[in-house]
Amino acid sequence: MTTDSTSAERPERLAGVAVNPVAGHIGAEISGVDLAAPLDDSLVALIRETMLRWKVVFFRDQRLDHAGHVAFARRFGEPVVLRKRGSASPEGFPEVETTADRLELGGRFGMEHEEWLRRRRHTLLRGWHCDHGARIDPPAATILRAETVPPYGGDTTWANLAAAYAGLSAPVRAFVDGLRAEHRLGVGYQPRPGDDAYLRHLLDHQVASEHPLVRVHPETGERVLFVNGYYLEQISGVSRPESAALLEMLLEQVVRPEYTVRFRWEPGSVAFWDNRATVHLAPGDTAHVGHPRIMHRVMLQGDVPVGVDGIAARGRGRSPPPACPRSRTR
């Protein structure tokens, strides 16, 4: 099954550059490219085309530093600048977020990281997410590079939301086309007994949006089953038991193995994915390994999702803070 008519399997298109799909519905590795070097327009077009077709593209043995990472991202869009980052993120590069910061979050609220993670991902489906999915305008894409990885473990898995939608039966596609759902920060978090500083933080910084359950991709025109296990709280207009049953069915559809790809990281690896057409699962198997895993990401600004009916998503409750101007630093 293909989900779009664009051909990205053209290794002959640019001399020395090869595009090799790595799974049946999602994922391709691009070789023969130095992302730290200036990229001409034809190479940028090939990378974009391949990413749109295969949803996530992988590069090996890259030598990007923070400046090169940001420069590469700018060839494809405007980077998101986060207002708050942790102490592990690099000074002077407000576009770059270091994922080691996530390991610090639990400690800020009186929990070991493992407890914090367990309370957020207490079911098999809960950890699947797109980046910043509760925003009215989730990022269009994410570019993640590996600096340090453990000798084993730490893989990331992605799922193709367009292929998952196409794989539904016609009656179910027609049904979900007209639905909308609320995406909310911190959905499913299991509070600690008594006072819970993290729960208070979630309530004080709440972000929620009502997105179409099926969005139309703004570049490919594909219909995308816009669901995830981390931010999606409730399908609008149906009862909670109905919503829970529908969401479980749809999430199980999304993460069927044939719609996924799993990537083994190495130092210098880069993954560039379409955040509008994928969900991903960060690893949960490295705590006992005893080796650091340091990754850096840059996200590209996105647009407001639009449904099959042409109606855009809308904010619910407190809106996300605007991105800081690009010229400012923390």
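Residues numbered from 1 in each chain as written. Predicted model: local features only at pLDDT ≥ 70, side-chain atom pairs only at ≥ 80, totals over all residues. Heavy atoms only, no water.

A. Layout of the pairing of strand S7 (residues 180–184). When you tally the buried positions in S7, you get four out of five residues, the bulk of the element. Here S7 pairs with strand S8 (residues 208–212) via five bridges, running antiparallel. Note that in S8 the partner of glutamate 182 across the bridge is glutamate 210. (Buried < 20%, exposed > 50% of the residue type's maximum accessible area, 1.4 Å probe, protein only. Helix = DSSP H or I, 4+ residues; strand = E, 2+ residues; numbered from the N terminus. Pairing = 2+ DSSP bridges.)

B. Highlighting the environment of alanine 271. Tracing the chain through its elements places alanine 271 in strand S13 (residues 270–274). The sequence separation of alanine 271 and threonine 156 amounts to 115 residues, and the corresponding C-alpha distance is 9.7 Å. Ignoring anything within four residues of it in the chain, the contact list for alanine 271 reads Val56, Val57, Phe58, Thr142, Ile143, Leu144, Trp158 and Trp265. (Contact = heavy atoms within 4.5 Å.)

C. Up close: the sheet that holds strand S2 (residues 28–31). The strand order across the open sheet built from seven strands is S1-S2-S3-S13-S5-S15-S4, with neighbouring strands paired in mixed fashion. Bordering the open sheet on either side are strand S1 (18–21) and strand S4 (97–98), each of which pairs with just one other strand. When strand S5 (residues 141–148) meets strand S15 (residues 294–300), the two strands line up antiparallel, connected through seven bridges. By the bridge assignment, threonine 142 is partnered in S15 with methionine 299. With respect to the sheet, helix H2 (residues 66–74) is in contact with S5, S13 and S15, its orientation differing from that of S15 by roughly 30°. (Axes fitted to C-alpha atoms, helices over the stretch in contact; angles between N-to-C directions.)

D. Spotlight on the packing of aromatic side chains. This model, assessed by the stated rule, comprises ten aromatic pairs. Look at phenylalanine 72 and phenylalanine 272: their rings are 5.9 Å apart centre to centre, the planes differ by 75°, and that puts the pair in the edge-to-face class. One end of the pair, phenylalanine 72, is in helix H2; the other, phenylalanine 272, is in strand S13, and 200 residues separate them in sequence. Side by side, phenylalanine 72 and phenylalanine 272 carry an identical accessibility label, which is buried. For the cation-ring pair, arginine 53 lies above tryptophan 54, with the distance from its terminal atom to the ring centre recorded as 4.0 Å. (Phe/Tyr/Trp six-rings, centres within 6.5 Å; stacked < 30°, edge-to-face > 60°. Lys NZ or Arg CZ within 6 Å of the ring centre and 35° of its normal.)

E. Quick peek at helix H4 (residues 113–120). Counting buried residues in H4 gives six out of eight residues, a clear majority hidden from the surface. Buried residues of H4: His113, Glu115, Trp116, Leu117, Arg119 and Arg120, and no others.

F. Inspection of the environment of glutamate 29 at higher detail. By secondary structure assignment, the location of glutamate 29 is in strand S2. What makes glutamate 29 partly exposed here is its relative accessible area of 24%. For glutamate 29 and alanine 18, which are eleven residues apart along the polypeptide, the C-alpha to C-alpha distance reads 8.0 Å. Each residue touching glutamate 29, except ones within four places of it in the same chain, is listed here: Ala18, Val19, Asn20, Val22, Phe58 and Arg60.

G. How the structure looks around the side chain of asparagine 160. Along the polypeptide, asparagine 160 turns up in strand S6 (residues 156–160). Here alanine 162 takes part through its backbone nitrogen, which lies 2.9 Å from a polar atom of the side chain of asparagine 160. (Polar contact = N/O pair within 3.5 Å; in protein donor to acceptor, adjacent residues only side chain to side chain.)

H. Geometry of the pairing of S5. Taken across its eight residues, S5 has six buried, putting it largely inside the fold. In this structure, S5 lies alongside S13, joined through five bridges in antiparallel fashion. Among the inter-strand pairings, threonine 142 is bridged to a residue of S13, identified as tryptophan 273.

I. The sheet that holds S8, seen in detail. Spatial strand order, S11-S7-S8-S16: four strands in an open sheet with antiparallel pairing. Looking at which strands have only one partner, the edges of the open sheet turn out to be strand S11 (232–235) and strand S16 (314–316). Recorded for the sheet is a direction-independent mean angle of 30° between the axes of neighbouring strands.

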